[in-house]
Amino acid sequence: YENIKELYMEYQNVLGSKIKIHFYLPPAISFLRVHKPNIYGDDLSRIKRMIVIATKTSHFVKGLDIGKSEIGIRGAVPVKENGKVIAVIEVGLSLKPIIKSFRNYFGLEVAILLNKNYPPIKKLFAHTKKKMVSESLFLYLFIFFEKFFL
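None of the values given here were measured: they were computed from a predicted structure.

Novice: How do you make sense of unusual backbone geometry when you look at a structure like this?
Specialist: Leave glycine aside and you will find that most residues have negative phi; peptide bonds, for their part, are mostly trans. The residue after P26, namely P27, is reached through a cis peptide bond having omega -5°. Residue position: P27 is located in the loop between strand 1 (19–25) and strand 2 (29–33). Its identity is not glycine, yet S58 carries a phi of approximately 65°, on the positive side. Assignment of secondary structure puts S58 in the loop between helix 2 (49–57) and strand 3 (61–66). Unusually for a residue other than glycine, N82 sits at a positive phi of about 55°. Residue position: N82 is located in the loop between strand 4 (71–81) and strand 5 (84–94). Note on N82: relative accessible area 80%, which makes it exposed.

Novice: What exactly am I supposed to notice about the pattern of salt bridges here?
Specialist: Close approach of charged atoms lets side chains of opposite charge pair. Inspection of the entire model under this criterion finds three salt bridges. One salt bridge connects E90 with K48, and the closest N-O pair in it is separated by 3.0 Å. Remark: K48 occurs in the loop between strand 2 and helix 2 and E90 occurs in strand 5; sequence separation between them is 42 residues. On the accessibility criterion, E90 (5% relative accessible area) is buried.

Novice: Any chance you could explain the nonpolar core here in plain terms?
Specialist: The nonpolar side chains of a soluble globular protein tend to be buried, and buried together. By size, the foremost hydrophobic cluster in this structure holds 11 residues: Y24, A28, L44, M50, I51, V52, A54, V61, A76, V85 and V88. Where this core is concerned, the elements lending two or more residues are helix 2 and strand 5. The element contributing the most residues to this core is helix 2, with four residues. In this structure, I4, Y8, I21 and V34 belong to the second largest nonpolar core, which totals eight residues.

Novice: Help me out: how do you make sense of the pairing of strand 5 in this one?
Specialist: On any regular strand, side chains alternate: one points to one face of the sheet, the next to the other face. Of the strand pairs in this sheet, strand 1 and strand 5 are connected by six bridges, and their pairing is antiparallel. Bridge pairing links H22 to E90 in strand 5. Alignment of strand 4 against strand 5, held across 10 bridges, turns out to be antiparallel. By the bridge assignment, R74 is partnered in strand 5 with G92. Here strand 4 folds back onto strand 5 in antiparallel fashion, the turn holding two residues, of which N82 has a positive phi close to 55°.

Novice: Sorry if this is basic, but what is going on with the side chain of S30 here?
Specialist: Checked against the element boundaries, S30 lands in strand 2. A distance of 3.2 Å separates a polar atom in the side chain of S30 from a polar atom in the side chain of R33. Those residues in contact with S30 that sit more than four places away from it in its chain are H22, F23, Y24, I39, Y40, G41, D42 and L44.

Novice: How do you make sense of the side chain of K48 when you look at a structure like this?
Specialist: Assessed through its relative accessible area of 8%, K48 is described here as buried. A polar contact of 3.0 Å, which involves the side chain of K48, links it to the side chain of E90. Once residues lying within four places of it in the same chain are set aside, the contact partners of K48 are Y24, D65, R74 and E90.

Definitions and cut-offs
Residues numbered from 1 in each chain as written. Predicted model: local features only at pLDDT ≥ 70, side-chain atom pairs only at ≥ 80, totals over all residues. Heavy atoms only, no water. Helix = DSSP H or I, 4+ residues; strand = E, 2+ residues; numbered from the N terminus. Buried < 20%, exposed > 50% of the residue type's maximum accessible area, 1.4 Å probe, protein only. Salt bridge = Lys/Arg side-chain N within 4 Å of Asp/Glu carboxyl O. Core = buried A, V, L, I, M, F, W, Y, C linked by side-chain atoms within 4.5 Å. Pairing = 2+ DSSP bridges. Polar contact = N/O pair within 3.5 Å; in protein donor to acceptor, adjacent residues only side chain to side chain. Contact = heavy atoms within 4.5 Å.

What follows is the structure, given as structure tokens:
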């Protein structure tokens, strides 16, 4: 932890947001959450599909990921020894600061529409009082240019 803590803090300062760096042992056992080093050992293979895929295929996996508490952009890189995956490193960033950046730097508004019946989305919103906008929304990313609405 001490070896990566300084790099982690530097990235947070550059991005102006809390990134998440998470080390896993196969298939998806939490080894070190750099952002929460006291929590480890839990098996996340049921909810961290990207990690399981990176472990099974030995390939880098990236994309939009629905975690326990948020939706973010993540990348997962397998670490191999003698051709065998011995760990996976995941780096992620919540969509909140990305959406805020679009607004602040480009004058753009972003809306993310989610299908509330998709199991990971259902689980994400199960413990919140936030209401979904519609019964039949699919996962799309819409960028609205303010200049079109002036």
